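Next come the chains, spelled out residue by residue.
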Amino acid sequence: MRKERSFYIYAIISCCLLACATIGVPNAYGLFYEPLSQNLNIGKASATLHVSIAGLVTGFSSPLVVKALKKIPYRIVMITGILLLCISGLVVSSAKNIALVNIMGVLRGLGLACTSNVIITMLTGNWFKARRGTISGLIMSFSGIMGSILTPLVASLLEEYGFRFAYLFCAAAILVLSIPAILLPLHPEDISLKPYGYDQDETTVKDSYKGRYKLSFFNRIFILLVCVSFLVICVTTLTSYLPSYVQSLGQSAKNAASLLSASMVGNVLFKFLIGLCIDRKGVVFSFVLFMFIALIGLITITFFPISSTILFVSGVLYGACYAVNKVAIPLIVRIYYGDEKYGEAYSTLSLCENIARSTIITSIGFIYDLSGTYLYCFLIALFACVASSLLIIYQQKKR
């Protein structure tokens, strides 16, 4: 029993570190937009295009990676993904033209498809049948811990050592933090173990993960999930522009980094809290509650950015949107379609998410370039907070 417990603990630690590497480190990526734009003498929209390309490639590759895992060993997929991320980081750090940066966006996208969110949630679901909300929230909260630690550090490295050193530092962090997950089997059965809580009839108090619906990508349920996910991403995608937004208000780069760090603090806090809330109150209640918290933070950032203290508090509240995106939505997919179809369903939803994210992140750049303000983007995000909650409530009432 003690041996089994040590494997479960190792699984949690490995997934936490993988979340730090492939979600937490990219959360600080917004700090590179301005120096990349200046180094290559290009606009914000052009500087963020490679991120959009990476997101699209990740989205289209994720369903293929899920299928590949049935034939290709998990460790080979992970090692390939990590190498692609490191190669991309090495080349972008010294690139002299935007075309090469965009090509590296393709490699970055493939690397994230092999190592990031879909893989992490599959590992979590395979290894843990009980307390999925709490464990998922704990694992995903570490991406926020990494982001909150890394953001001021990267800001300092950029100021003292320049773009190339800071970018290579992030690539090295991804490599080191991903290593423990390579050694973790995809399924506990691969080492003659059972998932944690396999002998319990109910895995949560409020929700069952046995599946409610048959999987079809063109029926009303899946389309509703796509719409909800799109609206949530409209909120979370603003994160990478928070430093630029604060600087556009005439405030210092330190305040800009502080707001981004605050959102990462909220990321950590609310991901853990939403996991506890889901296990006790259910996923729909938790979804609506935490989107409301994010709405309050976003309203304050948009209309009352009058001091660094207010910006910090509102940034923390805004961070609740990450909890909805990374914890609540994957668990909703698992509740709707069950463990057996989860990989197929969530990887396809991730494809839609990444298409949306790539479109939105570039669109924000274009909107700013055309209007000279981020206000319109923030107003759209406010609408998205409300609309996503109403859609989830509608589906729950209908069921």
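Our structure's up above, just so we're on the same page.
In this convention, every chain numbers its residues from 1, walking through the sequence in written order. Note on the predicted model: pLDDT of at least 70 is required for a residue's local features to be given, and 80 or more for side-chain atom pairs to be given and counted; whole-chain, interface and lining totals, by contrast, use all residues. With hydrogens and water excluded, all non-hydrogen atoms of the structure serve as input to the side-chain values.

A. Representation of the overall build of the protein. What counts as a helix is a DSSP run of H or I of at least four residues, what counts as a strand is a run of E of at least two, and both are numbered from the N terminus. Looking only at helices and strands, the protein has 15 helices and zero strands in total. Its C-alpha atoms give the protein a radius of gyration of 20 Å, within 12% of the compact-globule value 21 Å for 399 residues. Overall size of the protein, expressed as C-alpha extent along the three principal axes, is 55 × 45 × 40 Å. Counting all 399 residues of the protein, 59% fall into the buried class. Nonlocal contacts in the protein, meaning residues at least 24 apart in sequence, comprise 83% of its contacts between residues at least 6 apart. A total accessible area of about 16,600 Å² is found for the protein, and carbon and sulfur atoms account for 67% of it. The centroid of the 31 positive side-chain charges in the protein is displaced by 3 Å from the centroid of its 16 negative side-chain charges. Taken over C-alpha atoms, the radius of gyration is set against a globule rule of 2.2 Å times the number of residues to the power 0.38. The cut-offs for exposure are 20% and 50% of the maximum accessible area for each residue type, with area from a 1.4 Å probe on protein chains only; residues under the lower value are buried, those over the upper are exposed, and the others partly exposed. Any pair of residues with heavy atoms lying within 4.5 Å of one another is described as a contacting pair. The method behind every accessible area is Shrake-Rupley, applied with a 1.4 Å probe, and residues are considered shielded solely by the protein chains displayed. In this tally, Lys and Arg are treated as positive and Asp and Glu as negative; His is ignored, and so are the chain termini. Throughout, a charge is located at the NZ atom of Lys, the CZ atom of Arg, the CG atom of Asp or the CD atom of Glu.

B. Representation of the environment of Ile179 in the model. Residue placement: Ile179 occurs in helix α8 (residues 163–182). Take Ile179: its relative accessible area is 43%, and that puts it in the partly exposed class.

C. Structural view of the pattern of salt bridges. Here, a salt bridge means any Lys or Arg side-chain nitrogen found within 4 Å of an Asp or Glu carboxyl oxygen. Applying the stated rule across the entire model yields one salt bridge. Note that Lys341 is salt-bridged to Glu344, the shortest N-O span being 3.9 Å. Note that Lys341 and Glu344 are positioned in helix α14 (residues 320–371) at a spacing of three residues, about one turn of the helix.

D. Broad picture of the side chain of Thr22. Within the fold, Thr22 resides in helix α1 (residues 2–27). Residue Thr22 is classed as buried on the basis of its relative accessible area of 3%. A distance of 2.9 Å separates the side chain of Thr22 from the backbone oxygen of Leu18, its partner in a polar contact. Beyond its immediate stretch of four places on either side in the chain, Thr22 contacts Leu85, Leu112, Thr115, Ser116 and Ile120. Polar contact criterion, stated in full: a pair of N or O atoms within 3.5 Å, where within protein one must be able to donate a hydrogen and the other to accept it, and residues adjacent in sequence count only if both atoms are side-chain atoms.

E. Layout of the packing of aromatic side chains. Aromatic contacts are taken between Phe, Tyr and Trp rings whose centres are within 6.5 Å, Trp giving its six-membered ring; a plane angle under 30 degrees counts as stacked, one over 60 as edge-to-face, and the others as tilted. Applying the stated criterion to the full structure yields eleven aromatic pairs. Considering the side-chain rings of Tyr8 and Tyr196, the 5.6 Å spacing of their centres and the 75° angle between planes classify their relative orientation as edge-to-face. Placement of the pair is Tyr8 in helix α1 and Tyr196 in the loop between α8 and α9 (220–236), with a sequence separation of 188 residues. Here Tyr8 falls in the buried class, since its relative accessible area comes to 10%. When its relative accessible area of 34% is taken as the criterion, Tyr196 is described as partly exposed.

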